[in-house]
Structure formats: structure tokens, C-alpha cells
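# Structural characterization, general
Spelled out from the first residue to the last, the chains are:
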Amino acid sequence: MHIDPNPEQVIPTSAQARMRSAAPSWEGRRRSVMIAGLMLLISLYGRSTERLYASAGNYRWMPPAQGSLNSLGTIVFVGKGAGIQLLAPSIHARAGVLRCASAAWDGTGRLQLTYSLGAVSVHVTVAVVEAASGLRATVDADVPVIQFVDAGPWSPGLQVQPVTIPYYTGNVVYAPGTGMFLSAWWDWHATRATALNGTAAQYSPRTDSTLNAVHEVLWVAGSPDVDAVLPSPGNPPSPYIGELSGRLVLDIWTRDFKQIQQGLAELGDYGITGCAAIIHVWQHAGYDNALPQHTPANDEEGGDAGLLAAVNAGKADGCLVALHENYVDYYPNYPKFDPAAVALNSDGSRMLSWLNQAGVRAYSTKPAWMVKNAATQSPEIHDRYGTTASYIDVNSGIWPSSHGDMDAHAPGAGTLGAWLAGDAGLWSFERRAHDGPVFGEGRYHWFYSGLLDGVEAQFGTGGVLDQPGPRAPLFVDFDLREIHPLEVNHGMGYYQRWLASGEMLSQQAMDAYRMQEVAFGHAPFVGQRYWNDIPHVLVESNLVAPVAGRYGAAAVSSIEYQVNGEWTTPSEAAQAAVFSRVQVTYNNGLTVVANALPTSLIWQGIDLPQYGWVAKAPGLLAYTAVCGDVICDYAETSTSIFANSRNQTDARNDMGYAAPTLLSIKQGKGRSVFLTCQWKIDKTINDRYKPFLHFVNEGKPEESGEIAFQGNLAVGGSLSARNPGQSVMQGPVEIRIPPAVPDGSYSIRIGLYDPRTNDRLPLEGMDDGTQRYILGSLTISGGGAHVEFHAAPLSDPRMNPRGSVVNFATVQTDGMLSIRRESGQWVLRPFPRTRSFTILLQSARFPMPVNIKANGGSTSLVRPTSAGTYWKLPLTGAKSYSWAASGN
């Protein structure tokens, strides 16, 4: 198919249009409290109002004093009976000092400033207008000699308190003396700067040593309402919000197309359909190499035929399927390498970008070349593999100032606006090339929201830095009010970028992740190590997806936080810096409540433990809550029910390819131990995968040397040669403890990996979050003379260790099940299929049928039995059970 490589730019080209695009979020917000103090301010300065300052509602821009250095004046808030200085903006020349020679208002709200820079006169115009909660000031200079325009810090007299706002990169503060929240930022849509760094707009020299002339727009906002000082991305909303709402996103990093095909087919077999699948590693020369060449698909992973089969398996499940593409990193080993495509630094050298695992350093692509390069790849990718969506790496995950081009011959040289225009053009092109939505990387995504369609919503900006884990504040206002209306983001970021260093993706951590996902209004997400983990995906799909389908395209009506036991406004919560319990109401009647505190929260009779949540709307009830003496998961709509008793045994059933067990560990001579373990094979294992054993310093991240020592596992027989259900005995294997290893306790972790790619296989057991499985711990004492083994704890307090039956009212079970209405039939899918667990269905909701059809198992028909107000479904090992839903 033909795609125009030069699409019309999405971002408006005129400064006026760009300012208008950012303005709607301001209009309609609560205006600042207007307090008369003008006459006092006049008397302080002893001059007429027309000559003294420009007025923008409650805000005054006071000109700099004649003879002052590098000053643009001061911004003052008039309230509480006096003028309060907020900011003191400044300008800085590339060389020398800018001395104010004159300052005068021209009667149209424009401050005309003249500076002397040696023998050169520099004229600067500041145009000030009122905005809904503050002012907007446009700064222009006529001579390109200014390298920095700096809004500066908040005045020390304000004694500001910072407000931590997830996903926002700017600086919001509370000034107690004014009773206002304050924020200020340079408009990234309007800037001609090279970079926005902190409070400054920075102008760097182009390759011809010239600077761009200054053009900036400064927004200053102040209000007693914290939401009123938050900026909008100023972009149009995604056209795919409706289509993406409620879709589960599968993030696939598996390097075997056959395994991907089988995994997607198995998910469909469990009724997990209508997802969005992103396949990341497939490129011809391998991941992050020889780009922008992507096709044909990597032969070692299955080639074009294998990738096409994997894509078709996803599409057969009704899923959108995207392949990972990258047009930012331009590699010197690209077969058609063109030096003209490479962005330049100010000194004319090539701008460096990503360093891949093979040690090849990429260059940064010129913004105008991103679409040009994509035009050689994306249409062919779509034609070869039938993609229905796309994934573009890097662009949406980085600060707008991260990439650019200083080549004086390139359009927009030295401006971050050229990068933003290149981004917008690329995402627009990709939507058309793949005839579907564009996904991307998260972190700095708020700038770009709406220009693409969804990202993995990673933290890492502003006051919430990388890897906050369960401790991230539930301050959802910025995300829900400004980002949510523009695109459908998923998850809370990659698990390894969400968890704190050294932490495991335990059941508690997974509950916290999912609670944040729902509170922030994100789509369900399953990360790289769990995309084909059946029990994990079943919960994410059946529990979160129905809720996400309700809030995906809905607007927020109100947000409340619990402070000191009382539900209160976001502004009061921000003053108290308390964001542990949140209640969000949407305009379609949906209410979501989340609890991050250790103490339970009772909401409408539902007991929410720490990291529990509930979503309630007409025709919908979903929660992670306390059921009796265990934590449980439940979701019910008019056409579906999901119930999960959290049976601890079942949660580790069918999770992986094998179940490793440590049978014994004994003291050897000197600093050695003899270890014996067993592998129970659950799925066929490719012979590329080899076992490994790590003895780990707990509390340290894997990448920073937490492996104290390792064991050389010589398996007694190939794992790949064994069929599912068989076992392989290993050992006793001697493990030498190096002399440098001190006394202490070391976690024993085992796994299977591919030496070629370092990919790991999922196994059964306690995953530490990196697909290593905890067997227990080894305590070394006496300089290695004594060792003691401690088995891993068997009971998880957030699971159902006894396997008790949980009463969900409509159903009772000690397993996991989903029921959906499909083509006039109720279809029940149990998990696990290998155990005949208890399923009782409420007769009032599901009148007992005479016979039930079984898909698979030991018999094609099963007969239910009455159990009072319930009836019991006998399980026979079938994949699903169905009966007529007429009359319901």
C-alpha cells in the first residue's frame, strides 16, 4: 500500500494557533480569588498604573529597573492587601551582560525593553494577557544573542511547599501565605528554544554558530484549586479511544515466534480475546540493531513465516497486533546508511544515540527523516504481516529536548519544535500505514498524549521518579483530567521499571500495581514475563477489563481523597500531602475507590485491604477485597462473572514450563555444599534453554552485583527430551562457595535461560520478578564451616493457602472461573482444568439446566446437581461448559 511520506503536520505552525491549542484547559476552570490591593501597590511605587506595570487580572508584570542586569522584571500577585512577588524572570546573553537601558509600556499591554550588550542594542518585547487562572506572557527578542530565558525559582518569601504530581514534569507548589497553588512553565508548543531545562528555555548555537531569535510563551497560574494550575497537553484526542477502552495489552518480548503463536492460541483457548498484542523482538538484524531496517523478520526466531503465523494467532483471538519499530536510532551498520539522515551537534559532529548490546552506537535521526525512513519500512511491515496497530519506540518516552538537530541547513534547526513536529508527523503516518492505533513508550508521554493512542504508563518524571512501586502516591488528578481524555494508556509501566530495586513482583506488589492501574484509569496490562502466564492473564483480563471498558472513554466528574478519615477535595489533600485513598466518580455513574493504607477501608459494606479496590456502576461490580478470611477477586456485569478464590496451589499451576524443587542440600568438605533438585516438566522445552542457579544477596537489584556466587548445574538428562508430566533428577551437584563470600544468608534462585539471547522461561514457583524462582535460602556461618538451608515460605498471606471455598453470592468456588454470555449461551471456563474443584452457581441468577455441554474432558455432557439455593457443576477436565441462557 502507498503511504504519503510527508503528511500534514498535526501541530499548528503559527504561534497564535499553538497558544490557542493549549488554552482550552484553562478556560472553564475555577478562577483565582480576586482581591483588591491595587491602590496600595500604586502607592508603594508612586507612579501611574499605565506606566508602572501590565495588568493580567490579579497579576502584575513589573518592569526591570533601569541599569539592572539580565532582568526581565518581576511577576507580582496582588492579594491579601499587598503585592507579593512570585517570580523574577531573567535573560542571559551568549556572551556578556544585558544591561537594561529603558523600559516602557506601549499602552497595548506590551512591555518594550531595550538592553545594551556592549555596543549592540537588544530589543525585547513582553506581551502580557490574562489567562483563566493567571497570566500568559509572550517574550520576543529582535537580535539572536540570547542563550537563556529563565523564569527563575519561586520567591523565597512565599515559603512554597512542593506538590508531588504523578506524570507531571513541571513544578507545582503551595504557597501558604497566599492560600494558592502556583505553577509556571514555558509553552513547549510555542518555543523556538533548543531545550527546556528546569525553569529555563535554552538556545544553543547551530552549526553555523548562530542562535535562533528568542520567542517564548510563559504561563503563570495561581489558584486555591490545585487542578486549575495544571496544564493541558494541548493536543487533539486519539480517534481510537473507543476501540482501545477495556482492551488488555499483552507486552511480548519472547524471541521465538512459534512460542508466541502457541501462547496467543492458548490464551484464546481460555477465552482471553479482544486484546492488543505488541511483539517487540522480531527485527531482521536483531533488537536495536541496523535500524531503520526492520524486515524481513529474524530467521533465528522463525522468519517471516513464523512471524506471520504469530500475528495471525493474535488476530484470530480478535486482538490488535503491533510490531515494535524505531525511527529515532539510526545505526551505522544500516545497509543504506546515509550521513544526511543524522542529526548534528552544534560543533558539526554527529549526535549520538543508543548503544546496543553488541556495542554498536546509533546516531540520532534528523526529525524530518523519521517519516522518510518509516516510509521505507512501515507499509512493507503492514503488507508482509497484516498488522492492525503499531508500536513506535522512544519518541513518547523521552523529554522533548532529548533529541533535535543543530544542522543550520535543516528546517527548524536548533529548535525542539522540529522534534515535536517530527513526532506528530511520524505517529500520524503510522496510524495510516497500519490502519490502526499507535502505541509507544511511557514516562514523558503527557507532552504527546493524543498525538498517539496509548503508552505503558511508566512513572519517572517530576516528583515521582523511576521505580516507585507500591509507594507511588495515588494523586490521580493530572492523569485523569488532562491525559485520560486524550488517549488510553495501559498498566503502570514495565514491572522492572515500577518495582523498587531488589523488590520482587510478589502477590502484594501485583495487587498494588493493579490497584494503581484502576485508580489512574489505565487499561489492563500484562508485562513481558507474564504475557502467556494463564492465571495471571486470566485475572488481569477478566477482573480489570470490564472496569476499564467503563472508564476508558468516560470523563471524570469528581475526585476525592480521604484525609484524617474524611473524604475531601484534591486541594485539601495536596496541602496535607496525603494521597493513600482515592474515590473517583465518572460521568457515566462509575465510582472507583482504592486503598493503599495498611488498614482496611470499608466502602458500602465491602472490606478493602491494603491495595484493595472496588469499582461500582449500574450493571457492574468489581473488586479486590476481603471475602471472609481471605482476599479475593470478583467482577460481575449483566453478561459476565469472574470469581477468583486465590487458591495458592492453583496460582502456581500451569504457570510455567517446569516446576523445580530443591530436594536436599548438605554440607561438603571445606566451603562446599551438595545440592539435589528435581524438575517436573509441564510443557515442552526448547533445547536452547539451560538451567542456572544463583545465590543472591537479598535487597540488591540484579544489575548491581547482587549475585554472590553461582552453581554449575549439570542436569542428569536433557530437559528438552522429556515429555510433559515427566521428571528430571539433578544432583547431587557440588557447589563451591568462593572464599570472598562472607558469612550471611543468601537466597537460592533457579531458572532456565537461552545463552544466545539471555531470555528466561517462566517456571512454576515463587518468581522474584526476573523469572528466577526462589527455592529457599542458604545461611553460611563459621567462615564457611557451617551451612544451613531454610525452605521458602509456603504460605502467602494474600492468597488462600487452605484452598477454602469462597462465597461470592452469585457463585461459590475454591478455584477460578469466568462465565460469559456468548451467542445465547452461558459459557463457563474453569481454572485449573486439571482439578475437579468446587463450583456452585446461584439458582436465582443461573436457573439450573438439565444438561450442560462440555468442550473436551472425559464426557461431552454433564448433569448438574441441586444444592439448596445453588446448583453444583461437576468438572470433568473440559476446557469450557455451556448451557442455554434464554430467559436471563
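Residues numbered from 1 in each chain as written. Predicted model: local features only at pLDDT ≥ 70, side-chain atom pairs only at ≥ 80, totals over all residues. Heavy atoms only, no water.

## As for the pattern of salt bridges
Convention followed: One speaks of a salt bridge when a side-chain nitrogen belonging to Lys or Arg is within 4 Å of a carboxyl oxygen belonging to Asp or Glu. Helix and strand definitions here come from DSSP, where helices need a minimum of 4 consecutive H or I residues and strands a minimum of 2 consecutive E residues; each element is numbered from the N-terminal end. Exposure is judged per residue with a 1.4 Å probe applied to protein chains only, and the accessible area is read against the type maximum: over 50% gives exposed, under 20% gives buried, and values in between give partly exposed.
Under the defined criterion, the tally for this structure stands at 30 salt bridges. A salt bridge links Lys683 to Glu266, with the nearest nitrogen and oxygen atoms 3.8 Å apart. In this pair, Lys683 is assigned in the loop between β38 (672-681) and β39 (690-696) and Glu266 in helix α5 (residues 257-269), connecting sequence segments 417 residues apart. Glu266 sits in the partly exposed class, given a relative accessible area of 28%. In this structure, a network of salt bridges that share partners links the residues Asp511, Arg514, Glu540, Asp633, Arg646 and Arg798.

## A closer look at the confidence of the model for the protein chain
Filter applied, for reference: Here pLDDT means the predictor's own confidence in every residue, given as a number from 0 to 100. Residue contacts follow a heavy-atom distance rule, with two residues in contact if any of their heavy atoms lie within 4.5 Å.
Per-residue pLDDT for the protein chain averages 90, and the proportion of residues at 70 or more is 91%. A low-confidence stretch, residues 1-51 (pLDDT under 50), is modelled with 105 contacts involving residues beyond four sequence positions or located in other chains.

## What to know about the environment of Leu267
Checked against the element boundaries, Leu267 lands in helix α5. In this structure the C-alpha to C-alpha distance between Leu267 and Asn532, which are 265 residues apart in sequence, comes to 7.0 Å. Among all residues touching Leu267, those that are not within four sequence positions of it are Leu250, Ile272, Trp531, Asn532, Ile534 and Val537.

## Brief notes about the sheet that holds strand β41 (residues 727-736)
Strand pairing in a sheet relies on backbone hydrogen bonds. The paired strands run either parallel or antiparallel. The test is simple: Strands are labelled as partners when DSSP assigns at least two bridges between them. An axis is simply a line fitted to the C-alpha atoms; with a helix, the fit covers only the stretch in contact. Between two such axes, the angle follows the N-to-C directions and lies from 0 to 180 degrees.
Within the open sheet, the three strands sit side by side as β37-β38-β41. Their pairing is antiparallel. For this open sheet the edge positions go to β37 (658-667) and β41, each flanked by a neighbour on one side alone. Between one strand axis and the next, the sheet turns by 20° as a mean value, whatever way the strands run. Relative to β41, β38 runs antiparallel, the two sharing eight bridges.

## Comments concerning unusual backbone geometry
Following Thr295, the chain continues into Pro296 via a peptide bond in cis, with omega recorded as -10°. The topology assignment puts Pro296 in the loop between β18 (276-279) and α6 (303-316). Along the chain, Phe831 connects to Pro832 via a cis peptide bond; the corresponding omega equals 0°. With respect to the helices, strands and loops of the structure, Pro832 is situated in the loop between β48 (825-831) and β49 (839-842).

## What to know about the pairing of β39
Of all seven residues in β39, six are buried, a share of seventy percent or more. Where β39 and strand β42 (residues 744-753) come together, seven bridges link them in antiparallel fashion. Along β42, the bridge assignment pairs His694 with Arg749. Both β39 and strand β40 (residues 707-711) contribute to a ladder of four bridges, which runs antiparallel. Directly across from Val696, in β40, lies its bridge partner Ile707.

## Here we look at the side chain of Ser645
The criterion, for reference: Residues adjacent in sequence count toward polar contacts only when both atoms are side-chain atoms; beyond that, a polar contact is any pair of N or O atoms within 3.5 Å, and within protein one must be able to donate a hydrogen and the other to accept it.
Checked against the element boundaries, Ser645 lands in the loop between β36 (640-644) and α15 (648-651). Side-chain polar atoms of Ser645 contact the backbone oxygen of Asp814, separated by 3.0 Å. Contacts of Ser645, omitting those with residues within four sequence positions, involve Ile631, Asn800, Ser804, Val806, Phe808, Thr813, Asp814 and Gly815.

## Digging into the sheet that holds strand β20 (residues 329-330)
Reading across from one edge, β20-β22-β21 is the order of the three strands in this open sheet, with antiparallel pairing throughout. Strand pairing shows two members of the sheet lacking a second neighbour, β20 and β21 (352-355), which therefore form its edges. Bridge analysis of β20 against strand β22 (residues 361-364) gives two bridges, and the strand direction is antiparallel. Residue pairing for β22: Tyr330 is matched across the bridge by Tyr363.

## Observations regarding the packing of aromatic side chains
To keep it simple, the criterion reads: Only Phe, Tyr and Trp rings are paired, with Trp represented by its six-membered ring, and only when their centres lie within 6.5 Å; those with planes under 30 degrees apart are stacked, over 60 edge-to-face, the remainder tilted. Here, a charge over a ring is recorded when the distance from Lys NZ or Arg CZ to the ring centre is within 6 Å and its angle to the ring normal is within 35 degrees.
Counted according to the given criterion, the structure contains 39 aromatic pairs. With a centroid separation of 6.1 Å and 65° between ring planes, the pair formed by Tyr495 and Phe525 is classed as edge-to-face. Residue Tyr495 is found in helix α11 (residues 495-498), and its partner Phe525 is found in strand β26 (residues 525-526); the two are separated by 30 residues along the sequence. By relative accessible area, Tyr495 is classed as buried at 5%. We classify Phe525 as buried; its relative accessible area is 0%. The aromatic ring of Tyr363 is capped on one face by Arg350, whose charged end is 5.3 Å from the ring centroid. For Lys372, the ring lying beneath its charged end belongs to Trp369, and the centroid distance is 4.1 Å.

## Quick look at the nonpolar core
Note the threshold: Here the nonpolar core consists of buried residues drawn from Ala, Val, Leu, Ile, Met, Phe, Trp, Tyr and Cys, with membership extended through side-chain atoms lying within 4.5 Å.
Trp61, Val124, Val126, Ile146 and Leu250 are the most contacted members of the largest nonpolar core, which has 187 residues in total. Broken down by element, the residue count for this core peaks at nine residues, all from helix α13 (residues 534-551). Non-local contacts of Val126, meaning those with residues more than four positions away in its chain, are made with Trp61, Leu72, Trp105, Gly109, Arg110, Leu111, Leu113, Ala137, Thr138 and Val139. Grouped together as the second largest cluster of nonpolar side chains are 35 residues, Ala625, Cys627, Val806 and Ile852 included.

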